[in-house]
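# Survey of secondary and tertiary structure
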Amino acid sequence: MTQIAAPNDPNAADADANASASAGPADFATLAQWLAYCERIHPQQIELGLQRVRQVAQALDLRFDCPLITVAGTNGKGSSCAMLEAIALQAGYRTGVYTSPHLVHFEERCRIGGENATAEQLLPHFAAVEQARWRAGQGGEPVSLSYFEFTTLAIARLLSHSRLDVAILEVGLGGRLDATNLFDADCALITSVDIDHVDYLGPDRESIGREKAGIMRPGVPAIVADPMPPQSLQAHAERIGADLWLAGRDFNYAGDRQQWSWAGRGKRLHGLAYPALRGANQLVNASGVLAALQALRQRLPVTAQAIRQGLALVQVPGRFQIVPGQPTLVLDVAHNPHSVAALAANLDAMGFFPTTHAVFGAMHDKDLNTVLQRIGPLVDRWYFTDLPLARAEQATALVQRWQALQMAAQRPRQVPAQAFASPQLALDAAAAAAEPADRIVVFGSFHTVGGVLAQGVPQLGARHLQ
């Protein structure tokens, strides 16, 4: 049974939002009302720390009665969660997965048995969290929860009531102080460590690694898939006595153009097909996933056939998702220098395209200059977009950044850039300008990719076909 952990030392829909501003929780009948309520009850969008959320979780008596895996990392978390889920499903287990953020619909954050939760399933658990934060409060005031904390507790409660065989929780930000770290996991998986969220996690990989190491527990398997992890991860694992699995030491992989193999702590797998998820980093993610499953083999045994089928069937929208058409469309939520470098390598490996059109929007707290510099040599035309968040960098500011970078680099090839009010308008402009053999890359924030998926996966048709 997974208990709430002891303290560790060292997008809502617009519908019903206006109505929920005047109504109280007792009147809420829709998920949109609850999400709008969650957005306004806490003074800060992000507030790290476990004291407040732990008080509410204890009032809910929140616990898991199945093996629990937490997944942290700068990049690769969503893909790793999806692989764990796909393999466990093929092994016949009832899975529960929590990921964040979502692309289009909030319900994407919770999957039970491989299917998105419904709003109707979530509603009673939002109500339960609201009641619990009043019970846990003092002086007639409820415990204040951020949007992320409130929604995490609601989804965790739904999962804990769903008679699962395994629960998989994606860590939102960092690890040590993230709301998902309330629970003592049976296995911790850290996919990668790189520079992101420096205002909250620290300015370098050692600081960020130390925060992510906070999901480790004494005597519990801690899988580090990053091939070059910061020393802080290993030091923390040794200090608390975690069962540390390091890539290259405790497990490894090798592959050729046709297949790959994995080995680690008494287990070898040969002749594996590549994961259905595209991208150069997916073998790193898959290797960590197999290590986690091997570490849990006594409680969650899986067959080689389940592994093969799971990797062949896994899907995650927005992770180097290639949509065939004329022009070709690529969707990717890469938004920091590390993930954008991987995107650039994947784009380069796709082969020749006469013109690459890039639709991009991101938060202003990202290292945007480095992002633009890393992928800039592959882009022939930019379509920068506004996003519906206060944290987002304005499209006009992105145009100015790009123009300043071009001037500073004194590039002979001037790449044009335009600003648009929404991702869909930017994509429409790119599609109108593109030739059949071109490609369009939509990347950046989840809100950028989600903005073009709001009406379903776009099916682009070249002008000569219309």
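Residues numbered from 1 in each chain as written. Predicted model: local features only at pLDDT ≥ 70, side-chain atom pairs only at ≥ 80, totals over all residues. Heavy atoms only, no water.

- The name that an unreviewed UniProt entry assigns to the protein is Dihydrofolate synthase/folylpolyglutamate synthase, with the source organism given as Vandammella animalimorsus.
- Listed under Cofactor (unreviewed entry) in UniProt, the entry text for the protein is "Mg(2+)".
- As its UniProt record puts it under Subunit (unreviewed entry), the protein is described as follows: "Monomer." (UniProt positions renumbered as here; feature names shortened; annotations may be inferred.)

## Side note on the overall build of the protein
- Within the protein one finds 16 helices and 17 strands.
- Taken over the C-alpha atoms alone, the protein extends approximately 60 × 60 × 40 Å along its principal axes.
- The positive charge centre, built from 37 side chains, and the negative charge centre, built from 42, are 5 Å apart in the protein. (Helix = DSSP H or I, 4+ residues; strand = E, 2+ residues; numbered from the N terminus. Lys, Arg positive; Asp, Glu negative; His and termini not counted. Charge placed at Lys NZ, Arg CZ, Asp CG, Glu CD.)

## A few points about the sheet that holds strand β6 (residues 187–190)
- Here eight strands make up an open sheet; going across it, the order is β4-β3-β2-β5-β1-β6-β7-β8 and the pairing mixed. Either end of the sheet is taken by a strand with one partner, and the two such strands are β4 (115–116) and β8 (243–246).
- When β6 meets strand β7 (residues 221–224), the two strands line up parallel, connected through three bridges. Among the inter-strand pairings, Leu-189 is bridged to a residue of β7, identified as Ile-223. (Pairing = 2+ DSSP bridges.)

## A short note on the side chain of Asn-75
- Tracing the backbone through its elements, the reader meets Asn-75 in the loop between β1 (68–72) and α4 (77–90).
- Judged by its relative accessible area of 16%, Asn-75 is buried.
- A distance of 3.2 Å separates polar atoms of two side chains, one belonging to Asn-75 and the other to Asn-336.
- Apart from the residues within four sequence positions on either side, Asn-75 is in contact with Thr-191, Ser-192, Asn-336, His-338 and Ser-339. (Buried < 20%, exposed > 50% of the residue type's maximum accessible area, 1.4 Å probe, protein only. Polar contact = N/O pair within 3.5 Å; in protein donor to acceptor, adjacent residues only side chain to side chain. Contact = heavy atoms within 4.5 Å.)

## Some remarks on the state of the cysteines
- Enumeration over the complete set of coordinates arrives at zero disulfides.
- Considering cysteine sulfurs only, Cys-81 is the nearest to Cys-110, which forms no disulfide, with 12 Å between them. (Disulfide = S-S within 2.5 Å.)

## Here's the deal with the sheet that holds strand β11 (residues 267–272)
- If you trace the three strands from one edge of the open sheet to the other, you get β9-β10-β11, paired in antiparallel fashion. Edge strands, defined here as strands with exactly one partner in the open sheet, are β9 (251–255) and β11. Direction aside, the axes of adjacent strands within the sheet are offset by 10 degrees on average.
- Judged from the five bridges that link them, β9 and strand β10 (residues 260–264) form a sheet pairing that is antiparallel. Note on β10: the bridge partner recorded for Phe-251 is Gly-264.
- Taken strand by strand, helix α10 (residues 282–295) contacts β9, β10 and β11, and its axis lies near 40 degrees from that of β10. (Axes fitted to C-alpha atoms, helices over the stretch in contact; angles between N-to-C directions.)

## Details of the side chain of His-42
- Structurally, His-42 can be placed in the loop between α2 (31–40) and α3 (51–60).
- The buried category is assigned to His-42, whose relative accessible area is 9%.
- A polar contact of 2.5 Å, which involves the side chain of His-42, links it to the side chain of Ser-144.
- Ignoring any residue separated from it by four or fewer positions in sequence, one finds His-42 in contact with Glu-47, Arg-52, Ser-144, Leu-145 and Ser-146.

## Structural notes on α4
- Helix length check: α4, at 14 residues, gives a terminal C-alpha distance of 20 Å against a target of 20 Å (1.5 Å per residue), a fit within 8%.
- Taken residue by residue, α4 has Lys-77, Gly-78, Ser-79, Ser-80, Cys-81, Ala-82, Met-83, Leu-84, Glu-85, Ala-86, Ile-87 and Ala-88 as its buried positions.
- Gly-92 lies just past α4 and shows a positive phi near 90 degrees. (Expected span 1.5 Å × (residues − 1).)

## Section: the nonpolar core
- Formed by 45 residues in total, the largest nonpolar core has its most connected members in Phe-126, Leu-153 and Leu-159.
- When residues of this core are traced back to their parent elements, those giving at least two are α2, α3, β3 (110–112), α5 (119–136), α6 (147–160) and β5 (166–170).
- Contacts of Phe-126, omitting those with residues within four sequence positions, involve Leu-31, Trp-34, Leu-35, Cys-38, Phe-106, Phe-150, Thr-151 and Ala-154. (Core = buried A, V, L, I, M, F, W, Y, C linked by side-chain atoms within 4.5 Å.)

## A closer look at the packing of aromatic side chains
- The final tally for this structure, using the stated rule, is 17 aromatic pairs.
- An angle of 70 degrees between the planes, with centres 5.4 Å apart, marks the rings of Phe-28 and Tyr-37 as edge-to-face. Of the two residues, Phe-28 and Tyr-37, both sit in the buried class.
- With a centroid separation of 4.9 Å and an interplanar angle of 10 degrees, the aromatic rings of Trp-382 and Phe-384 are classed as stacked.
- Among the aromatic residues, those joined into a cluster by ring pairs are Phe-28, Trp-34, Tyr-37, Phe-106, Phe-126 and Phe-150. (Phe/Tyr/Trp six-rings, centres within 6.5 Å; stacked < 30°, edge-to-face > 60°.)

## Here we look at the environment of Pro-337
- Looking at the element boundaries, Pro-337 is found in helix α12 (residues 337–348).
- With 60 residues separating them along the chain, Pro-337 and Ala-397 place their C-alpha atoms 19 Å apart.
- In this structure, Pro-337 is in contact with Ile-195, Asp-367, Thr-370, Val-371 and Arg-374, ignoring residues within four places of it in sequence.

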